[in-house]
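Working through the structure, step by step
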Number of protein chains: 2
Amino acid sequence: MAGFRTVKGFRDFFPEECAMRNYILDTWRRVARRYGFMEYEGPVLESTDLFRKKSGDEITGQLYCFQDKADREVSLRPEVTPSLARMVTARQRDFKKPIKWFQIGSCFRYEEPQEGRGREFIQFNADIIGDDSTGADAELVALAIDVTREFGIREGDFAVRLSNRTIWSDFLKDNGIDEKHTAVFLQIIDKIERARPEETSQKLEAIGLSLGVVRAFMDSTNEDHPAFAELRANLTARGLWQFVKIDASIVRGLAYYTSTVFEVFDLKHGLRAVAGGGRYDKLCALMTDGHVDLPSAGFAMGDVVLGILLKKTPGAQRGIMDHMAAAFGADVFVIVADEAQRGHALRAVQDLREAGVRVEYSFSATKMNKQMQAAENAKARCALIFGAEYPEVVVKNLHNRQQENIPAATLVAHVQHLLQQPAYGPLIAGGDEQKA
Amino acid sequence: MAGFRTVKGFRDFFPEECAMRNYILDTWRRVARRYGFMEYEGPVLESTDLFRKKSGDEITGQLYCFQDKADREVSLRPEVTPSLARMVTARQRDFKKPIKWFQIGSCFRYEEPQEGRGREFIQFNADIIGDDSTGADAELVALAIDVTREFGIREGDFAVRLSNRTIWSDFLKDNGIDEKHTAVFLQIIDKIERARPEETSQKLEAIGLSLGVVRAFMDSTNEDHPAFAELRANLTARGLWQFVKIDASIVRGLAYYTSTVFEVFDLKHGLRAVAGGGRYDKLCALMTDGHVDLPSAGFAMGDVVLGILLKKTPGAQRGIMDHMAAAFGADVFVIVADEAQRGHALRAVQDLREAGVRVEYSFSATKMNKQMQAAENAKARCALIFGAEYPEVVVKNLHNRQQENIPAATLVAHVQHLLQQPAYGPLIAGGDEQKA
């Protein structure tokens, strides 16, 4: 085989994987709409300038960037927030505040692929723009929790690790550390759980801090800290606070966060974060040289770690299976037992489809038993046999093997009625798509 | 304003445009499933080699190609068929034939943007692989017709222009023209309706033909030509032949088509083709150096020309409006009339959403009239007012302004019941766009 392959780190979605992807996308979309968020989308390709300096070193070092044929510096987007800020600031007068928007689409990063991280991944982004209240932060944390739970991931399976960057600004001030060290300090904290203690200690000492003092502060920071009081009251009222764990080591890698930050983690498998986000009040101003200043907060959830977690979580299987059953399979398989009847059979195929029924059939003359086998493969609920009986059609229930003859003239109404009957198996038609 | 912009030829989808995009995607998906096709997806980035020589000069000249950081030659895909052939030939034993798959995703081409052609567009692809019958061709033409009609584009609004490349091979043979001229000849035919006659004439004479002979053959080729007999019988049986016009000038630009070719055109606005496709029996063999030989046929429909056509077609407006009404708008707006009740209100927000109700509310203390205004903006069907009446909640119908007091304990069940009532308006509030 000549062997064309996917580009390193990119994915093929064969039908089974595509159905899984659609299940994730549909679930994100459904919960976001329930929260009153409206969907938008930006381009996957943006000027590289849009991401430089705004996203932080971790992301800009991994930019999938190149020059196009006109020497433009462009990048496959590593994240969507800069595009959102670009879009909102360009037309902010057209939208009532708070703007509550969500987005679903591919992002890219150029790094060595490893488990849970390819070079392409699909992100769900939800953002609230033009509202600086803690209530908006709480809404986003609640949405992150409810999206996760909608997949059948339950209490005990996951937690939201929550913090606030301002507690670290206050800590630095209280310890007499110059504000200019803030960015470096937050990078040290971001890596504190993974780095060797000696290394962390050395880095902290370089800016005048000891690991002991930092650790003691982290350990003493809990849900009683006043920075979390409002969020706690809000999420407690909703019955969601038990999903939240205060964790001062959470600061998020992105440069633009200003106060509330949070990540969604699984509790059983030690996977990477499933989602993360926070408040980024200065990004719009930064991107417009101060012309448009809109307080903002949001989070993103990726499909890759989530997909791994879904496979590992028993409670998540039912939702997946229900979706798969809806994504595949026909309602009806039309069988041409006598080629002289093919014209009538094709007319019935057309009429049934126009009535919304999912119909398959063999495209050319095929032996009867092969057509029956194809009907089984298609997971059809009934077979309609066009043969010597025409103008009657043999309707065969493929669950219980019972059959009856029905006049062709009333076939569509009859089949529509049959498909409502429990004896004809689960209702497959429909699925995730939106009925127009 | 600093003014970051989209990269030339790329699009932002603000909520209204995104809802329109989703309407198109959902409609494609629904009809394809009704036809028993399964969804797949390939990567948007592929090795440039995958597209070279396989797609034909028109597409390879417009490749959005570049070198990545490891000097790989990669391209943003200009079309999906080569990826499909790559995927299917890699795993063909895993799938029963015929393989009936569809795909929806972005494609890219590097050319000057103009009306109906940007550098990024979304394509719907439907293909049948492993079946060489005319019945499969007919199924694809029928699917193209039914997808178009599903948008409310009707008879008289559009036609399928149908031809077959073999009629031109036969024509060349009958006129004693060497087979080696076929590719050049088909390119001349592809452009014959747009090029200046003198130019066409000159090019034809270079390979030993006259424009007069070619024109006469084109004019004499109609639905009675034996090459179309089977397709005609099939589509006539379905009641779809009246949508088809035989047009020998249709050959399609792509190199890989072998016999049946067709395009969907609007009949009233002179737009570019809405969709196009045909049979490409040799592509799988070409891509695998002959190791996997699978007869194939398919077509693609883009979102851009279709979107223009939908805006211009009166019959298409109802479907768009119904979709917009479903995409925007809340069921319920929760109003906090007394901040002391915010905790109870948040609990109700959570409970209602868990019951599947679409709920919005103000995230922080807001004047009563502003909350009412926000409820109107959200096109909510009812307002739930948490104030002095608590533990009773005032439920106000925003269509007829009637209100009643309901105990908080039974609120969710009550609201679910109310939302089924005609007095509470359409299932999801209507209107054009919510700019929340």
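Residues numbered from 1 in each chain as written. Chains lettered and ligands numbered in written order. Predicted model: local features only at pLDDT ≥ 70, side-chain atom pairs only at ≥ 80, totals over all residues.

It is worth spelling out the overall build of chain A at this point. Broken down by element type, chain A carries 15 helices and 16 strands. Relative to the 2.2 N^0.38 estimate, which gives 22 Å for 436 residues, the radius of gyration of chain A is 28 Å and therefore markedly larger than a compact globule would have. Burial analysis of chain A (436 residues in total) assigns 45% to the buried set. In chain A, the proportion of contacts linking residues at least 24 apart, taken out of those at least 6 apart, comes to 69%. (Helix = DSSP H or I, 4+ residues; strand = E, 2+ residues; numbered from the N terminus. Rg over C-alpha atoms; globule rule 2.2 N^0.38 Å. Buried ≥ 20, exposed ≤ 12 C-beta atoms within 10 Å, placed from the backbone. Contact = placed C-beta atoms within 7 Å.)

Moving on, we get to the sheet that holds strand β15 (residues 392–397) of chain A. Residue and element names in this part refer to chain A. Taking strand neighbours across the sheet as the criterion, the five strands line up as β13-β12-β14-β15-β16 in an open arrangement whose pairing is mixed. The open sheet terminates on both sides in strands that have one partner only, identified here as β13 (359–361) and β16 (403–407). Strand-to-strand, the axes of this sheet are offset by a mean angle of 25°, without reference to chain direction. Summarising the sheet, strand β12 (residues 332–336) and strand β14 (residues 382–386) pair through five bridges and their orientation is parallel. The residue of β14 that forms the bridge with V334 is L384. (Pairing = 2+ DSSP bridges. Axes fitted to C-alpha atoms, helices over the stretch in contact; angles between N-to-C directions.)

Superposition record for chain A on chain B: RMSD 0.0 Å, screw rotation 180°, translation along axis 0.0 Å. What the superposition gives is, in effect, a two-fold axis relating one chain to the other. Most of the interface of chain A is mirrored in chain B, where 94% of its interface residues are also at the interface. (Least-squares fit on C-alpha atoms with pLDDT ≥ 70 in both.)

Splitting chain A by domain gives domain 1 (15–322) and domain 2 (330–424). Each of domain 1 of chain A and domain 2 of chain A has a C-alpha centre, and these two points are 51 Å apart. (Domains from an automatic or database assignment.)

The next point concerns the sheet that holds strand β11 (residues 296–302) of chain B. Residue and element names in this part refer to chain B. On the basis of which strands lie adjacent, the open sheet formed by eight strands has the order β1-β5-β6-β11-β10-β9-β7-β8 and mixed pairing. Strand pairing shows two members of the sheet lacking a second neighbour, β1 (38–39) and β8 (244–246), which therefore form its edges. Judged from the two bridges that link them, β1 and strand β5 (residues 99–108) form a sheet pairing that is parallel. Of the residues in β5, the one forming a bridge with M38 is W101.

The next point concerns the pairing of strand β3 (residues 64–67) of chain A. Residue and element names in this part refer to chain A. Where β3 meets strand β4 (residues 73–76), four bridges bridge the pair, whose relative direction is antiparallel. Of the residues in β4, the one forming a bridge with Q67 is E73. What sits between β3 and β4 in their antiparallel hairpin is a turn of five residues, with D71 showing a positive phi close to 60°.

Turning to unusual backbone geometry, a few remarks are in order. Cis rather than trans, the peptide bond between A:Y390 and A:P391 has omega equal to 15°. With respect to the secondary-structure elements, A:P391 resides in the loop between β14 and β15. The residue after B:K97, namely B:P98, is reached through a cis peptide bond having omega -5°. Assignment of secondary structure puts B:P98 in the loop between α3 (81–90) and β5. A positive phi angle, close to 60°, is found at A:D71, a residue other than glycine.

Moving on, we come to the packing of helix α4 (residues 134–150) of chain B against helix α9 (residues 229–237) of chain B. Residues and elements named next belong to chain B. Closest axis-to-axis distance for the α4/α9 pair is 9 Å, and the angle between their directions is 50°. By the angle class used here, α4 and α9 are oblique. The two elements α4 and α9 meet at a crossing, and its hand is right-handed. Facing α4, whose interface residues are T134, G135, D137, A138, V141 and A142, α9 presents E230, L231, N234 and L235. (Parallel < 35°, antiparallel > 145°, perpendicular 65-115°, else oblique. Left-handed = near helix turned anticlockwise from the far one by under 90°.)

A separate point is the interface of chain A and chain B. Facing 79 residues of chain A, the contacting portion of chain B comprises 84 residues. Taken together, the residues of the side of chain A that touches chain B break down into 33 nonpolar, 20 polar and 26 charged. (Nonpolar A, V, L, I, M, F, W, Y, C, P; charged D, E, K, R; others polar.)

For the rest of this paragraph, the subject is the confidence of the model for chain A. Residue and element names in this part refer to chain A. Considering every residue of chain A, the mean pLDDT works out to 93; 96% of them sit at 70 or more. Scored below 50 in pLDDT, residues 428–436 makes 28 contacts in the model with residues more than four places away or belonging to other chains. Predicted complex, confidence summary: ipTM 0.94, pTM 0.95. (pLDDT = per-residue confidence, 0-100.)

Summarising burial for helix α7 (residues 197–206) of chain B: one of the ten residues are buried, a small minority. Immediately downstream of α7(B), the backbone of B:G208 shows phi near 95°, a positive value.

To continue, consider the environment of B:D131. Following the sequence through the fold, B:D131 ends up in the loop between β6 (120–129) and α4. Overall, B:D131 belongs to the buried group, with 21 C-beta atoms counted inside 10 Å. For the pair B:D131 and B:E404, spaced 273 residues apart in sequence, the C-alpha separation works out to 64 Å. With near-sequence residues (within four places) excluded, B:D131 lies in contact with A:F363, B:K97, B:P98, B:A136 and B:P295.

Take the environment of B:F185 next. Residue and element names in this part refer to chain B. Here F185 is to be found in helix α6 (residues 182–190). Residue classification places F185 among the buried positions, given that 22 C-beta atoms sit within 10 Å. Setting aside residues no more than four positions away along its own chain, F185 makes contact with W168, L172 and I207.

Moving on, we get to helix α6 (residues 182–191) of chain A. Residues and elements named next belong to chain A. Listing the buried residues of α6 in full gives F185, L186, I188 and I189. End-on, the buried residues of α6 take up no more than an arc of 155°, which puts them together on one face. Opposite the buried face of α6, by more than 90 degrees, sit the exposed residues A183 and V184. Looking at the buried residues of α6, the elements they touch are α5 (165–174) and α7 (197–206). (Arc of directions from axis to C-beta.)

A few words on the packing of helix α5 (residues 165–174) of chain B against α6(B). Residue and element names in this part refer to chain B. For the pair α5 and α6, interaxial distance at closest approach is 11 Å and the crossing angle is 120°. Relative to α6, α5 is oriented oblique. Regarding α5 and α6, the two cross each other, and that crossing is right-handed. Along the contact surface, α5 presents R165, W168, S169 and L172, while α6 presents T182, F185, L186 and I189.

On to the pairing of strand β7 (residues 158–164) of chain B. The side chains of a regular strand alternate between the sheet's two faces. Residue and element names in this part refer to chain B. Of all seven residues in β7, five are buried, a share of seventy percent or more. When β7 meets strand β9 (residues 260–266), the two strands line up antiparallel, connected through seven bridges. Within the sheet, the bridge partner assigned to A159 lies in β9 and is F265. Relative to β8, β7 runs parallel, the two sharing three bridges. Bridge pairing links R161 to K245 in β8.

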